[in-house]
Amino acid sequence: MSTSENSILSSKNKQVKFIDFVIAALMLRGLFPFSVTSWIRSEKRNKEVGGVVNSYHLFGLAVDVVLDNPADKGRFIKAAQQLGLDAIDEGDHVHVEVK
C-alpha cells in the first residue's frame, strides 16, 4: 500500500472515530444533563489550558463536561465506559475520550 493510500485510510479512520465519538457523546447527553466546557481545541487554546501535546481535544475525540447533578458522576463514568469510552473524574469536570 502506498503512503498516500495509508494517509487516506488514516484520515477515514479518524473520521469514523469522530462520528462514533459524537454519537456516543450524544447518547450520554440523552441520559445525563451536562454542559460541555471543552471539546475541539486549536493548538493555541490547548497550550493555553495546559493540554498535552497530542491531546484528543485537538482531533475532536475528547470532551470535558460538567454534570448538572454532580451526584451522577459515578453513573456517568460507568455509562461512558459501557459505550467504549474512557472517562476520568478530574474534580470540577469529567474528561471523556476515545480508547
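Residues numbered from 1 in each chain as written. Predicted model: local features only at pLDDT ≥ 70, side-chain atom pairs only at ≥ 80, totals over all residues. Heavy atoms only, no water.

> Quick question: what am I supposed to make of the sheet that holds strand β1 (residues 34–38) here?
Pairing between the strands of a sheet is mediated by backbone hydrogen bonds and can be parallel or antiparallel. One open sheet accounts for four strands, arranged β1-β2-β4-β3; its pairing is antiparallel. The open sheet has two free edges, formed respectively by β1 and β3 (85–89), since each of these has just one partner strand. Sheet twist, expressed as the mean angle between neighbouring strand axes with direction ignored, is 30°. Where β1 lies against strand β2 (residues 62–67), four bridges are found, and the strand directions are antiparallel. Its bridge partner lying in β2, S38 is registered against D64. Along the sheet face, helix α3 (residues 73–82) touches β1, β2, β3 and β4 (94–98) and points at about 160° away from the line of β3. (Pairing = 2+ DSSP bridges. Helix = DSSP H or I, 4+ residues; strand = E, 2+ residues; numbered from the N terminus. Axes fitted to C-alpha atoms, helices over the stretch in contact; angles between N-to-C directions. Contact = heavy atoms within 4.5 Å.)

> Please clarify how the packing of aromatic side chains should be interpreted in this entry.
Geometry of an aromatic ring pair is reported as the spacing of the ring centres plus the angle between the planes. All chains considered together, the criterion is met by three aromatic pairs. Pairing F32 with F76 gives two aromatic rings, centres 5.6 Å apart and planes at 80°, and the pair type is edge-to-face. Residue F32 is found in the loop between α1 (3–31) and β1, and its partner F76 is found in helix α3; the two are separated by 44 residues along the sequence. No difference in accessibility class separates F32 from F76, as the two residues are buried. Measuring from centroid to centroid gives 5.7 Å for F34 and F76, while their planes differ by 80°, and the two rings are edge-to-face. Note that F34 is positioned in strand β1 and F76 in helix α3, a separation of 42 residues in sequence. You'll find F34 and F76 in the same group, each marked buried. (Phe/Tyr/Trp six-rings, centres within 6.5 Å; stacked < 30°, edge-to-face > 60°. Buried < 20%, exposed > 50% of the residue type's maximum accessible area, 1.4 Å probe, protein only.)

> In this structure, what is going on with a nonpolar patch on the surface? I would like to understand it.
Residues F18, I19, I23, M27, I40 and L83 make up a contiguous nonpolar surface patch of roughly 530 Å² in combined accessible area. When its relative accessible area of 32% is taken as the criterion, L83 is described as partly exposed. (Patch = residues over 30% accessible without salt bridge, like charges linked within 9 Å, V, L, I, M, F, W, Y side chains within 5 Å. Areas by Shrake-Rupley, 256 points an atom, 1.4 Å probe, with all protein chains shown as cover. Salt bridge = Lys/Arg side-chain N within 4 Å of Asp/Glu carboxyl O.)

> When you look at the pairing of β2 in this model, what are you seeing that I'm missing?
When a strand is regular, its side chains alternate between the sheet's two faces. Most of β2 is tucked away, with five of its six residues classed as buried. Of the pairings in the sheet, the one linking β2 to β4 comprises four bridges and is antiparallel in character. Residue pairing in the sheet places V63 in a bridge with V96 of β4.

> Hey, could you run me through the nonpolar core in this one?
Nonpolar side chains tend toward joint burial in soluble globular proteins. Counting residues in hydrophobic clusters, the biggest one holds 18 residues, and the most contacted among them are F21, L28, F76, L85, V94 and V96. Contributions of two or more residues to this core are made by α1, β2, α3, β3 and β4. With four residues, α3 is the largest single contributor of residues to this core. Apart from the residues within four sequence positions on either side, V96 is in contact with F21, L61, A62, V63, F76, L85, D86 and A87. (Core = buried A, V, L, I, M, F, W, Y, C linked by side-chain atoms within 4.5 Å.)

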